[in-house]
Amino acid sequence: MALEVQELRTEQASQLRQLAQSPAWALLKTRWQRLVQRSESGKAATLRKGESAAYQQGVTDGLEQAGRELDVVLRELEGGT
């Protein structure tokens with residue numbers, strides 16, 4: 001049973017590494033980075049108006065987390081945690 005779990009984790013890591021190297025993933029990450037920049041600009045404009053920027057910060061944080069998620073999953077699969 002443990003061997004099956006390890007084999008599955010190894011296969012998942014292999015598939016995710018292939019995804020990370022694909023042009024489509026690079027395009028998606030670039031798009032997320034642009035959205036983060038736009039969100040930061042929106043947050044700055046909101047702050048200049050004297051309004052709360054909590055929502056914009058949440059959007060920015062979510063986009064940044066999405067962009068890092070593949071690396072997090074790979075570390076978990078390869079580290080066995």
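Scroll up to find the structure this text is about.
Since we're looking at a predicted model, the values are computed, not measured.

Remarks on the overall build of the chain
Then comes step 1: Secondary structure assignment for the chain yields three helices and zero strands.
Then comes step 2: The order of helices and strands in the chain, counted from the N terminus, is α-α-α.
Then comes step 3: In terms of overall dimensions, the chain has a C-alpha envelope of 60 × 25 × 15 Å along the principal axes.
Then comes step 4: A sequence separation of at least 24 residues applies to 64% of the contacts in the chain between residues at least 6 apart.
Then comes step 5: Element-wise, carbon and sulfur atoms account for 55% of the exposed surface of the chain, whose accessible area totals about 5900 Å².
Then comes step 6: With 11 positive and 11 negative side-chain charges, the chain shows a separation of 11 Å between the mean positions of the two kinds.

Quick look at the pattern of salt bridges
Then comes step 1: For the coordinates displayed, the defined rule picks out two salt bridges.
Then comes step 2: For Lys-43, the salt bridge is made with Glu-40, and the minimal N-O distance between the two is 3.1 Å. Here Lys-43 and its partner Glu-40 are both found in helix α2 (residues 23–48), three residues apart, which amounts to about one turn of the helix.
Then comes step 3: Overall, the relative accessible area of 31% leaves Glu-40 in the partly exposed class.

Considering the packing of aromatic side chains
Then comes step 1: Within the structure shown, the criterion is met by one aromatic pair.
Then comes step 2: Here the aromatic rings of Trp-25 and Trp-32 are separated by 5.6 Å at their centres, their planes lie at 85°, and the arrangement is edge-to-face. Neither residue differs from the other here; Trp-25 and Trp-32 are each classed as buried.

A word on helix α3 (residues 54–79)
Then comes step 1: Of all the bends in α3, the greatest, near 45°, is centred on Arg-68.
Then comes step 2: Thr-60, Leu-63, Gly-67, Leu-70, Leu-74 and Leu-77 are the residues of α3 that are buried.

Comments concerning the side chain of Lys-43
Then comes step 1: The exposure class assigned to Lys-43 is buried, which follows from its relative accessible area of 13%.
Then comes step 2: Within the structure, Lys-43 has its side chain in polar contact with the side chain of Glu-40 (distance 3.1 Å).
Then comes step 3: Non-local contacts of Lys-43, meaning those with residues more than four positions away in its chain, are made with Ala-53, Gln-56 and Gln-57.

A closer look at the nonpolar core
Then comes step 1: Among the nonpolar cores identified, the biggest contains eight residues, and these are Ala-13, Trp-25, Trp-32, Val-36, Leu-63, Leu-70, Leu-74 and Leu-77.
Then comes step 2: Looking at this core, the elements with two or more residues in it are α2 and α3.
Then comes step 3: Ranked by residue count, the leading element in this core is α3, at four residues.
Then comes step 4: Each residue touching Leu-77, except ones within four places of it in the same chain, is listed here: Arg-9, Gln-12, Ala-13 and Leu-16.

How each quantity is defined
Residues numbered from 1 in each chain as written. Predicted model: local features only at pLDDT ≥ 70, side-chain atom pairs only at ≥ 80, totals over all residues. Heavy atoms only, no water. Helix = DSSP H or I, 4+ residues; strand = E, 2+ residues; numbered from the N terminus. Contact = heavy atoms within 4.5 Å. Areas by Shrake-Rupley, 256 points an atom, 1.4 Å probe, with all protein chains shown as cover. Lys, Arg positive; Asp, Glu negative; His and termini not counted. Charge placed at Lys NZ, Arg CZ, Asp CG, Glu CD. Salt bridge = Lys/Arg side-chain N within 4 Å of Asp/Glu carboxyl O. Buried < 20%, exposed > 50% of the residue type's maximum accessible area, 1.4 Å probe, protein only. Phe/Tyr/Trp six-rings, centres within 6.5 Å; stacked < 30°, edge-to-face > 60°. Bend = angle between axes of the 7 residues up to and from the residue. Polar contact = N/O pair within 3.5 Å; in protein donor to acceptor, adjacent residues only side chain to side chain. Core = buried A, V, L, I, M, F, W, Y, C linked by side-chain atoms within 4.5 Å.

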